[in-house]
Amino acid sequence: MSQDQVGRLLAAAEAHFQTAAAARQNGQVDVARRGFLAAAEQMMLAAQASTGRLRQTRLQLAQDMLAAAEALPRPVGTPGQTARPSIPLGEEDKSAGWLVQERPNIRFADVAGLEDVKEQIRIKLLYPFTHPDLAEKYGVQPGGGILLYGPPGTGKTLMARAVAGEIEAAFFAIKPSEIMSQWVGKAEENLAELFKLAASQPLSVIFIDEMESLAPRRRSSNSTVMQRVVPQLLAELDGFHKRSNPLLLIGATNEPWAIDSAILRPGRLDRLIYIPPPDWAARRVILELNLKAAPLAEDVSLDTIADQTQNFSGADMASVARRVRERVFSAAIQSADPQPITMADFDAVLAETKPSIPVKDLRKFEQYAQAS
Ligand SMILES: Nc1ncnc2c1ncn2[C@@H]1O[C@H](COP(=O)(O)OP(=O)(O)OP(=O)(O)O)[C@@H](O)[C@H]1O
Ligand SMILES: [Mg+2]
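Please read all numbers here as calculations on a predicted model, not as lab measurements.

### Brief notes about the site of ligand 1
Right, on to step 1. Near ligand 1 you find 20 residues, and of these Ala 112, Pro 152, Gly 155, Thr 157 and Gly 314 are the closest.
Right, on to step 2. Within the residue set of the shell around ligand 1, elements represented by two or more residues are α7 (156-166), α12 (280-290) and α14 (314-334).
Right, on to step 3. Of the residues belonging to the shell around ligand 1, the class tally is 12 nonpolar, 7 polar and 1 charged.
Right, on to step 4. Shared between two domains, the shell around ligand 1 holds at least three residues of each, these being domain 2 (95-277) and domain 3 (280-356).

Right, dumping it as structure tokens:
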């Protein structure tokens, strides 16, 4: 392929990416998804026509574009139904950008390991819905809140979505860092809208990521938004049990020690749950989940790979599987005789992969988990 042709691929990728990013901003999820996928495809072709560092960079870019497409919310609605285009929040569409509603179709089975965590969540958040008679008999209230904490990439967001998937609830995800700017002056209003909208659904899960930034222990003096948002969030949480439509609130954080302890009182996010990196068995399952359809050579031993990936996060494991698939895919494109994935492919990818969580951070989480 000529330099010119590669240049055209790159330009096309860039154009698709821009369109997709703008569409995402405007809440046009389908346009955004198609755009990111088209961008990824062009970038992948450009990568295949490149060598060395450039090839790596372009493959990485293609992966990022795929990830952007995957990260887009899936349409709300039971399977088969057409999705609602957006969430009406008052007269103008404030949903674009900060408030995303979806109906996740993943289950606990899609989350590897963490069996004790799943059981804790079942008891606190799920059984009251699946066994309403018993719950009433013993005075157990459905709904409530938990805080998932742990290092990045261990499956906190995945777990929250799986909870919603298990009970077929509407899932509202908000990320304070993305929305703070839009909240200035409107924070209370928006927060109230969020809880109101969630309460209007038969069953809802509200997921607040980066909880430490919404309810920080030490509030920076000039952050008046924080000074107003925290008390209101607390009031909304206190209102939980008075609602006719039960609401689950799941918070997540990488910095549990930085959270305002008022948010952790009974009736609020009163269960703190540590989500550690996957153990040996869970690492193996994550590999399996991420290699499902891929052809594996006889010499591939997932046991050995699980042995060699101590301290890898779940995201690290998923990324190893993805990179191995891409490696063999790109070799297959250039050869007349496509090969299955071999152990040598894993070795090559593992040789250039390190666990993303520093050991000292891991110790910090373990100490915190023991103390709380
Ligand atoms: N226990 C797990 N089982 C299956 N897949 C996992 C697990 N943990 C992580 N993964 C994989 O890693 C990806 C990232 O996980 P997720 O976004 O849930 O991490 P997180 O804990 O929310 O990270 P962060 O703290 O950075 O938000 C998931 O989409 C999934 O592919
Ligand atoms: Mg997350």
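From this point, things continue past the structure.
### What about the nonpolar core?
Right, on to step 1. Grouped together as the largest cluster of nonpolar side chains are 63 residues, with contacts concentrated most on Leu 148, Val 163, Phe 172, Val 205, Ile 206, Phe 207 and Ile 250.
Right, on to step 2. Counting the residues that make up this core, at least three belong to each of domain 2 (95-277) and domain 3 (280-356).
Right, on to step 3. Counting residues in hydrophobic clusters, the runner-up holds 17 residues, among them Ala 13, Ala 40, Met 65 and Ala 68.

### Side note on the environment of Leu 287
Right, on to step 1. With respect to the helices and strands, the residue Leu 287 is situated in helix α12.
Right, on to step 2. Residue Leu 287 is classed as buried on the basis of its 22 C-beta neighbours within 10 Å.
Right, on to step 3. In the structure, Leu 287 is positioned 15 residues away from Leu 302 in sequence and 7.4 Å away in space, judged by C-alpha atoms.
Right, on to step 4. Setting aside its immediate chain neighbours within four residues, Leu 287 contacts Leu 302, Ile 305, Met 317 and Ala 321.

### Let's talk about unusual backbone geometry
Right, on to step 1. One non-glycine residue, Leu 114, adopts positive backbone phi at about 55°.
Right, on to step 2. On the secondary structure map, Leu 114 appears in the loop between β1 (100-102) and α5 (115-130).
Right, on to step 3. Among the residues examined, Leu 114 registers 26 C-beta atoms within 10 Å and is labelled buried.
Right, on to step 4. One non-glycine residue with positive phi stands out, namely Glu 168, at about 50°.
Right, on to step 5. Residue placement: Glu 168 occurs in the loop between α7 and β3 (170-174).
Right, on to step 6. Judged by the 14 C-beta atoms lying within 10 Å of it, Glu 168 falls in the partly exposed class.

Rules used throughout
Residues numbered from 1 in each chain as written. Chains lettered and ligands numbered in written order. Predicted model: local features only at pLDDT ≥ 70, side-chain atom pairs only at ≥ 80, totals over all residues. Near = placed C-beta within 6 Å. Helix = DSSP H or I, 4+ residues; strand = E, 2+ residues; numbered from the N terminus. Nonpolar A, V, L, I, M, F, W, Y, C, P; charged D, E, K, R; others polar. Domains from an automatic or database assignment. Core = buried A, V, L, I, M, F, W, Y, C linked by C-beta atoms within 7 Å. Buried ≥ 20, exposed ≤ 12 C-beta atoms within 10 Å, placed from the backbone. Contact = placed C-beta atoms within 7 Å.

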